[in-house]
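Working through the structure, step by step
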Amino acid sequence: MTVPDAGAKISAVRVALESTVIAHGLPRPENLSSARACEAAVRESGAEPATVAIVAGDVRIGLTQSELEALASRTDVAKVSLQNLGAVCASGAWGATTVATTAHLSARHGIHVFATGGIGGVHREADRTFDVSADLTTLATTPVVTVCAGAKSILDLPRTLELLETLGVPVIGWQTEEFPGFYSRDTGLGVTARAESEVDVVRIALAHWASGCRTSVLVVAPCPPSKAIARDEIDGAVNDALAAASETGVRGSAVTPFLLARVAASTGGRALAANLSLLENNARIAGRIAVSLDRGKARES
Ligand code: PSU
Ligand code: MN
């Protein structure tokens, strides 16, 4: 077996799902319907969904329906990155896990594939602020397949890709040679390799890990065409939002919610529709990859 294994027993083919998007990334009630739709999409692909979160201080790999409802409706859910994971657990609080924390906990619990919307990365003006997401450093040390639609639209995408290259994280385009722009299908930026199907992804991931690499394999799947937004329109909306942020002096962790709310408003709800569509799409693709990876491992052992 060449898939790194933390020693945990795998009873079924599981796919982990990120929860920050549920508690902090989407408005209500779409957040709960999206979380359910993502779980259903994983099941339709033949795998078992495991939404990851912290429930009253306990790490949960898979939530009950009532826990999922609580996560989507409570107003005291912490955003949990690796830095505050221990503190949130120790305090008995509820927490929603970022990409970094979901990847980390997935690997620890024997799950090799997880799905999210967009990863964190290098923020614009990071040269001044040092704001680089722990998602990148965690992907660099965590051997799981991560399925996303690119990085958050408000980031510096060329620098995010540079850093992924430095960290040795392969970026696999799902039926594309272009790094997707989250809401838009294209950015003009390239990927490491293209995959036509889950079989291609599994072949690359197994070869990557067999050669001793222990990073994540990042699969980037563009937003489904019917809901995607043109690149120029999104670039304009993000630039307007950035200008408004510097005018109003919004700072720190308030910046991202501020920018995303502005982009959502200026696209008249189409940004939300795109987000919901790509989340479900990613969950479905992750399910297919997990099933195929399980078969690949069985052939090897
Ligand atoms: N993409 C979005 N909205 C979000 C996130 C991603 O459009 O809220 C979340 C994800 O959970 C990601 C996290 O892991 O933001 C990164 O946060 P930070 O930049 O603080 O590391
Ligand atoms: Mn940050």
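Heads up: these notes are all about the structure in this document. (Residues numbered from 1 in each chain as written. Chains lettered and ligands numbered in written order. Predicted model: local features only at pLDDT ≥ 70, side-chain atom pairs only at ≥ 80, totals over all residues. Heavy atoms only, no water.)

Topic: the pattern of salt bridges
Formally: Should a side-chain nitrogen of Lys or Arg be within 4 Å of a carboxyl oxygen of Asp or Glu, the pair is scored as a salt bridge. Numbering of helices and strands runs from the N terminus, with a helix taken as a DSSP run of H or I at least four residues long and a strand as a DSSP run of E at least two residues long. Think of it in three bands: residues with accessible area under 20% of the maximum for their type are buried, residues over 50% are exposed, and the middle band is partly exposed, with areas taken using a 1.4 Å probe on protein chains only.
Counted by the stated rule, this structure contains 15 salt bridges. Arg 284 is the partner of Glu 44 in a salt bridge, and the nearest nitrogen-oxygen pair spans 2.9 Å. With a gap of 240 residues between them, Glu 44 in helix H2 (residues 30–44) and Arg 284 in helix H12 (residues 270–300) connect regions that are remote in the sequence. You can call Arg 284 partly exposed: its relative accessible area is 28%. Of the charged contacts in the structure, one is a salt bridge between Arg 194 and Glu 196, with a shortest N-O distance of 2.5 Å. Classification of Arg 194 by relative accessible area gives partly exposed; the value is 36%.

With respect to unusual backbone geometry
Of the consecutive residues Arg 28 and Pro 29, the connecting peptide bond is found in the cis state with omega at 0°. With respect to the helices and strands, the residue Pro 29 is situated in the loop between helix H1 (20–25) and H2. Located in the positive-phi region is Phe 130, a residue other than glycine, with phi close to 65°. Position of Phe 130 relative to the elements: it lies in the loop between helix H6 (126–129) and helix H7 (134–139).

Observations regarding the nonpolar core
Quick note on the threshold: By nonpolar core we mean a set of buried residues, namely Ala, Val, Leu, Ile, Met, Phe, Trp, Tyr and Cys, connected to one another through side-chain atoms within 4.5 Å.
By size, the foremost hydrophobic cluster in this structure holds 62 residues, and its most contacted members are Val 145, Tyr 183, Val 219, Val 263 and Ile 289. Per-element tally for this core: the top contributor is H12, with 11 residues. Formed by 32 residues, the second largest nonpolar core is a distinct cluster that contains Ile 111, Leu 139, Cys 148 and Val 220.

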